[in-house]
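Read off the chains here:
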Amino acid sequence: MLGRGRLPGRKGMRVRWRRSLLSSLGAVFAWLGSAFVERWGRLERFYRRPFARIALRLGFLFYPLLALCALGWLGWDWTHDRNLDAAEDAVFDQVIKLRPWEPKPSGRVVVVEIDDCSIAREGPWPWSRQQHADLLDALDRAGVRTVGYDVLFAEASRTDAVGDDTLEATAEGGNGRFVFGSTRAPEAFADAPGARPVDHAPNAFPIAADPQRPGPRVALLLPYGKAMTRHSALLDMTRDADGIIRDVPLRAEQGDWALPSLALQVASAASGRSAASFPASVRVNWRSNADDRLPYVSAADLIEGKAVCRDKHEALPDLRGRSVLVGYTAAGLNDAKPTPVNAATPGVEIHAEATEALLADSAIWMPPTGFKYLLAAVLVALTGLFFFHGEPAWELDAIFVASNLVLIGAAWVGLTAFGVFLDIFAALGFVSLCFGLCRLYAATQRGRAIGNDDYRPQFDPADHRWLALARLRFVPDPDLDRDALRRRLREYRRRLRRFLYRGTEAVALEGIVEYKSWLWEAMNDVTVLVWGGDDRAAVAATAERELRALHAYLSGLDDVLPDDGSVRVASLISEAVAADETIAQTRARVCAVLGRLLHRHDERSLSLHDAFAADEPPAHRHSHRSPHPAHAGPAAAPNPLSE
């Protein structure tokens, strides 16, 4: 029995201890949260209030200044480093890797690789010229259309003179179907004895209607044989600033002349088109999946005429009528270059992909480089214009984001399905940055207008014993349809925001912030302005002065674009703080004053400037007429001015 009596007591103690612990933790967390919010608020006030004072002085001039700075940077970047272009390249690398599918090869181009198996079967590198001649002979017998040889035969062999003659005879017999590699020497060698005018270089072609002769001198490292030299093209490739090859150059321009690349010369010989009819460079539709790569054939399989480096039961591919690029891919020969899909892509594959892009017309189409800069400039200018005319509605943020997503989605789908890349990602990012800065500045203007404590001191009973309040309401003309009414209300709110953001003593309650709540349709045309001070007459004078300024501002804008309605005002002055009141009583009094204002049915036209003149009789106050028809309204009942 004793044991049974102790259990409830111990259980109760545990329950009380747990409740006490949770209560203590709750109190600690509440204290921490309150302390953090208080200190964080101080930190925000530390930089936001000075920023608000700067914004008050700068006004709406910030927006055209920001637009001019952004346009200036775009112009400078276009003529200098083109960082926007470099950012697009980084985006391109990511998008092309995330495609759900890749284009299939056309079958017109085949890579013949001198791989590890070929070196193991045919002997160590370098091969004799006879072996290269045997490989070309095998390709010729297979019926290939053209061959691009990504191997530089810069000097004749000292030990294989017969092989040299055989390879040269093969090049002569190919009559331009076999293209051999060459390379440019540095510019410093242009005056060397071996240099020549560019118009005398192998396969040079003019890129001007009336090319200058002789052209500038160039130094080339050419194959040793005359026929091989005559049918040679450049192996050089230009990388982007980050070291990655995205666009393969098709020619090296020198004055009015250009030297073709290996891919361009092979495509020109295979298609019968002149080299000048192709573009200066091509962006390859890079493939990363092994199943989508160009077809590969081992050189040893062709030399020996049977499958020695692949499954013996697998037939050799039919090379008849195809263009072939020959090059080495063996691990120790070091001809790997970085591309968007592979950090170590064999050089021969890059030449082959460029040839494939030309023959199959599969290159990625991109708008001119200046398109992204023009797009960014137009959007930045429009952003500055919108904010300069008044803070746009919050719905514009959703429209802006949705439009960006649509354009980004279109760019991604275009690259995936159609080989079209709209390089606008970085441009949209730059515009988004400018849009965000405009929103940040507008938030500072709005924070001061609505009396946010981060931007200006809030209501203080010690300094605001008297309050003057004015309820503004836009009354549309009765003949407006629903759509026109919505447009007029939006325009009125935009104008009111612009007036308040320029700097007033008034604090605006709601109305200027367009949140769509369940009462939004009924209250979206109502704004309450509040002025505070410790002297009734001074508060009334300040309120009256700013209402006059508001009327003049709206009237001036009506001369440009009518509102099709009038602004009606209900107002009152009340003592907000009485002697020996508690904070709770002061809050209740202020809420009551605001409630009485919202409950008023008597309104006047905004053009009646003397609404806060407490010493004037009601009959005199309402004897005025509106000086501007846009804000004239029906006569209102006498308005008690004092509570």
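To be clear, the structure that these remarks concern was listed above.
Right, let's walk through the structure included here. Just so you know, these numbers come straight off a predicted model, no measurement behind them.

Rules used throughout
- Residues numbered from 1 in each chain as written.
- Predicted model: local features only at pLDDT ≥ 70, side-chain atom pairs only at ≥ 80, totals over all residues.
- Heavy atoms only, no water.
- Helix = DSSP H or I, 4+ residues; strand = E, 2+ residues; numbered from the N terminus.
- Buried < 20%, exposed > 50% of the residue type's maximum accessible area, 1.4 Å probe, protein only.
- Contact = heavy atoms within 4.5 Å.
- Areas by Shrake-Rupley, 256 points an atom, 1.4 Å probe, with all protein chains shown as cover.
- Patch = residues over 30% accessible without salt bridge, like charges linked within 9 Å, V, L, I, M, F, W, Y side chains within 5 Å.
- Salt bridge = Lys/Arg side-chain N within 4 Å of Asp/Glu carboxyl O.
- Lys, Arg positive; Asp, Glu negative; His and termini not counted.
- Charge placed at Lys NZ, Arg CZ, Asp CG, Glu CD.
- Pairing = 2+ DSSP bridges.
- Axes fitted to C-alpha atoms, helices over the stretch in contact; angles between N-to-C directions.
- Core = buried A, V, L, I, M, F, W, Y, C linked by side-chain atoms within 4.5 Å.
- Phe/Tyr/Trp six-rings, centres within 6.5 Å; stacked < 30°, edge-to-face > 60°.
- Lys NZ or Arg CZ within 6 Å of the ring centre and 35° of its normal.

The next subject is the overall build of the protein chain. Scanning the protein chain for helices and strands turns up 18 helices and 21 strands. For the protein chain, the proportion of its 643 residues judged to be buried stands at 46%. Taking the contacts inside the protein chain whose residues are at least 6 apart along the sequence as the reference set, 80% of them involve residues at least 24 apart. Accessible surface for the protein chain amounts to roughly 32500 Å². Of this, 59% is attributable to carbon and sulfur atoms.

Once that is clear, we can look at a positive patch on the surface. Judged by side-chain charge, Arg 10, Lys 11, Arg 14, Arg 18 and Arg 19 come together as a positively charged surface patch. Inspection of the secondary structure puts Arg 19 in helix α1 (residues 2-58).

With that out of the way, let us pick up the sheet that holds strand β18 (residues 507-509). Within a sheet, neighbouring strands are paired by backbone hydrogen bonds and run either parallel or antiparallel to one another. Taken together, five strands build an open sheet; the order of strands is β18-β19-β17-β20-β21 and the sheet is antiparallel. Every other strand in the sheet has two partners, leaving β18 and β21 (604-605) as the edge strands with one partner each. As judged from the eight bridges shared by strand β17 (residues 466-476) and strand β19 (residues 526-533), these two strands associate in the antiparallel manner. In the sheet register, Ala 470 faces β19, and the bridge partner there is Leu 529. In this fold helix α14 (residues 482-501) packs onto β17, β18, β19 and β20 (565-575), with an angle of close to 150° to the strand it touches most, β17. Contacts between helix α16 (residues 536-558) and the sheet are confined to β17, β19, β20 and β21, with β17 contributing the most and set at about 20° to the helix.

Attention now goes to the nonpolar core. Counting 51 residues, the largest nonpolar core has Tyr 63, Phe 430, Leu 472, Leu 500, Trp 531 and Leu 606 as its most contacted members. Secondary structure elements with two or more residues in this core: α2 (62-79), α11 (369-388), α13 (425-449), β17, α14, β19, α16 and β20. Per element, the largest residue contribution to this core is 10 residues, and it comes from α13. Not counting chain neighbours up to four residues away, the residues in contact with Leu 606 comprise Leu 472, Leu 547, Leu 550, His 551, Leu 554, Val 567 and Val 569. Of all hydrophobic cores here, the second largest spans 41 residues; its members include Ala 270, Leu 294, Ile 350 and Ile 364.

In this section: the packing of aromatic side chains. Taken as a whole and judged by the stated rule, the model has 19 aromatic pairs. Relative to Phe 421, the ring of Phe 92 lies with its centre 5.2 Å away and its plane at 70°, an arrangement referred to as edge-to-face. Linking Phe 92 in helix α3 (residues 83-97) with Phe 421 in the loop between α12 (395-418) and α13, this pair joins segments that are 329 residues apart in sequence. Comparing Phe 92 with Phe 421 shows no difference in burial state: the two are buried. Through a chain of ring-to-ring contacts, three or more aromatic side chains come together here, namely Phe 51, Phe 60, Phe 62, Tyr 63, Phe 387, Phe 400, Phe 435 and Tyr 441. Across the ring face of Phe 278, the terminal group of Arg 273 is positioned such that the distance to the ring centre comes to 3.9 Å. Note that Arg 283 overlies the ring of Phe 92, its terminal NZ or CZ placed 4.5 Å from the centroid.

Scope: geometric values only; no functional claims are made or implied.
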